[in-house]
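Observations on the three-dimensional arrangement
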Amino acid sequence: MNLIFLGIVLIAVMVAGVRQWMHTPQEGVAAPMEVLSSGMISSAQGAVELALGLVGVMTLFLGLMKVAEAGGLLTIIARLIRPLMVRLFPDVPPDHPAMGAMILNMSANALGLGNAATPFGIRAMQELDKLNPQPGTATNSMALFLAINTSSITLLPTGVIAIRAAAGSADPAGILPTTLFATICATIAAISAATLYRRWFPVRPDPSALNMERPWVTDAADASPVQDSGAYPFWVSVTALLFIVSMIPLMVLYGQSVSPWIMPMLMLGFLLFGALRGVRIYEVFVEGAKEGFQVALRIIPYLVAILVAVGMFRASGAMEMMVSAIGGFTSRFGLPPEALPMALLRPLSGSGAYGVMASVINDPAIGPDSYIGYLVTTLQGSTETTFYVLAVYFGAIQVRRLRHTLAAALTADVVAVIAAVAVCSYLFL
């Protein structure tokens, strides 16, 4: 991200400098460097205003998610998909702690609970490493788990919905069908790629890791099974999966009519679910809302940095040059040049991609409810910061040889972009 940030600013200053050198002073026409300076200041102010506008929306959604979590929604989902997990990960015993941690991670990702998903994911990797006969080298289960983690079927992209609402969207939840379609395609691609690529990446021991200390692995008893969590029958899991898949064409066809109902019914449904489960919904909601307030304020420095850089890039004229150079080519495939940086930056930097998305949907000439606005927010909700995820999860267990993990994860990212372009083109063009 350091090089990306510096590169954007450097290109903007160089382009503006060349235009300034070629500029002929005219009355009432600002010089390129003056335009660049104004763009910096206005972008910084806009970033702070955007972050402050997010405070209320973020607190609302995180409060609702806290109610659902306290009511045991994660546990219900975990029991629902456990029979499928046993078939996806045959190398992991069904009653091993790794299985439960992976299920909780995927459940949290599906519900947009990124803060909860990361601890569950790290715990899952530690448990998987207890089954690893070659310390320092990724196992097939680790590669598959992280490939699925980076694609992750998303039922409720709460964060992106909140961003769209803060940007003034008339249909903040309009990306639900597009995100669901893109993430299902990406997850299928992740599973297929991880299964295929592992044949080309045999396990080779890492000699430097033979004597590596692994404090999360103590002895054989440490990897003992846990008590059965009471999984639902396999046919129930299959039925639920088929039901989710069957909802995709319905959401694509009738999403415009259904989307205005989603936000009110979502709030009512979560509160009713919590109340029926005996949750003190008001107190729990307030507890979750406090976290949303803190999250919204913490992102201000990141927003200022990337939005100023993107604002400079546009004010300098560099964006116009890029659009002119490649706009005709990429537009043929439904990927406008304005959305191309989002697709390329998302696997590298979450904050950078977030800044690009925010800059696009807050541009009055584009807006959140245009085709480009729907596309960039769908990309945000259906792709993951792949390199960050691999660094954090593998770094937690000191795995140096990733084998086919990165290739499988990037394959899922590419499929997510293609699927997002396809479904957004069908719905919004």
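See the structure shown above.
This one's a predicted model, so the numbers in the text were calculated from it and none came from an experiment.

Its 12 residues give helix α6 (residues 140–151) an end-to-end C-alpha distance of 17 Å, which sits within 8% of 16 Å, the value for a rise of 1.5 Å per residue. The set of residues buried in α6 consists of Ser141, Met142, Ala143, Leu144, Phe145, Leu146, Ala147, Ile148, Asn149, Thr150 and Ser151.

Residues Phe270, Met342, Tyr371, Leu375, Val376 and Leu379 are the most contacted members of the largest nonpolar core, which totals 54 residues. Apart from the residues lying within four places of it in its own chain, the contact partners of Met342 are Ala353, Val356, Met357, Val376, Leu379 and Gln380. Ranked by size, the runner-up nonpolar core spans 31 residues in total, among them Leu144, Ala147, Ala190 and Tyr393.

Running from N to C, α6 and helix α8 (residues 176–197) cross one another at 165°; their axes reach a closest spacing of 8 Å. Comparing their axes, α8 and α6 come out roughly antiparallel. Considering how the two elements wind past one another, α6 and α8 form a crossing that is right-handed. Across the interface between the two elements, Leu144, Ala147, Ile148 and Ser151 from α6 touch Thr183, Ala186, Thr187, Ala190, Ile191 and Ala194 from α8. In the contact of α6 with α8, the residues fall into seven nonpolar, three polar and no charged.

The full count for this structure, using the stated rule, is three aromatic pairs. Ring plane angle 15° and centroid distance 6.5 Å describe the contact between Phe145 and Tyr393, whose orientation is recorded as stacked. Highlighted residues: Phe145 in helix α6 and Tyr393 in helix α16 (residues 386–396), separated in sequence by 248 residues. A relative accessible area of 4% means that Tyr393 is categorised as buried. Over the aromatic face of Tyr374 sits the side chain of Arg164, whose NZ or CZ is 4.3 Å from the ring centroid.

It is worth spelling out a nonpolar patch on the surface at this point. Together, Trp261, Met265, Leu268 and Leu272 give the surface a local cluster of nonpolar side chains, amounting to about 450 Å² of exposed area. Within the element layout of this structure, Met265 appears in helix α9 (residues 234–276).

Parameters at a glance
- Residues numbered from 1 in each chain as written.
- Predicted model: local features only at pLDDT ≥ 70, side-chain atom pairs only at ≥ 80, totals over all residues.
- Heavy atoms only, no water.
- Helix = DSSP H or I, 4+ residues; strand = E, 2+ residues; numbered from the N terminus.
- Expected span 1.5 Å × (residues − 1).
- Buried < 20%, exposed > 50% of the residue type's maximum accessible area, 1.4 Å probe, protein only.
- Core = buried A, V, L, I, M, F, W, Y, C linked by side-chain atoms within 4.5 Å.
- Contact = heavy atoms within 4.5 Å.
- Axes fitted to C-alpha atoms, helices over the stretch in contact; angles between N-to-C directions.
- Parallel < 35°, antiparallel > 145°, perpendicular 65-115°, else oblique.
- Left-handed = near helix turned anticlockwise from the far one by under 90°.
- Nonpolar A, V, L, I, M, F, W, Y, C, P; charged D, E, K, R; others polar.
- Phe/Tyr/Trp six-rings, centres within 6.5 Å; stacked < 30°, edge-to-face > 60°.
- Lys NZ or Arg CZ within 6 Å of the ring centre and 35° of its normal.
- Patch = residues over 30% accessible without salt bridge, like charges linked within 9 Å, V, L, I, M, F, W, Y side chains within 5 Å.
- Areas by Shrake-Rupley, 256 points an atom, 1.4 Å probe, with all protein chains shown as cover.
- Salt bridge = Lys/Arg side-chain N within 4 Å of Asp/Glu carboxyl O.

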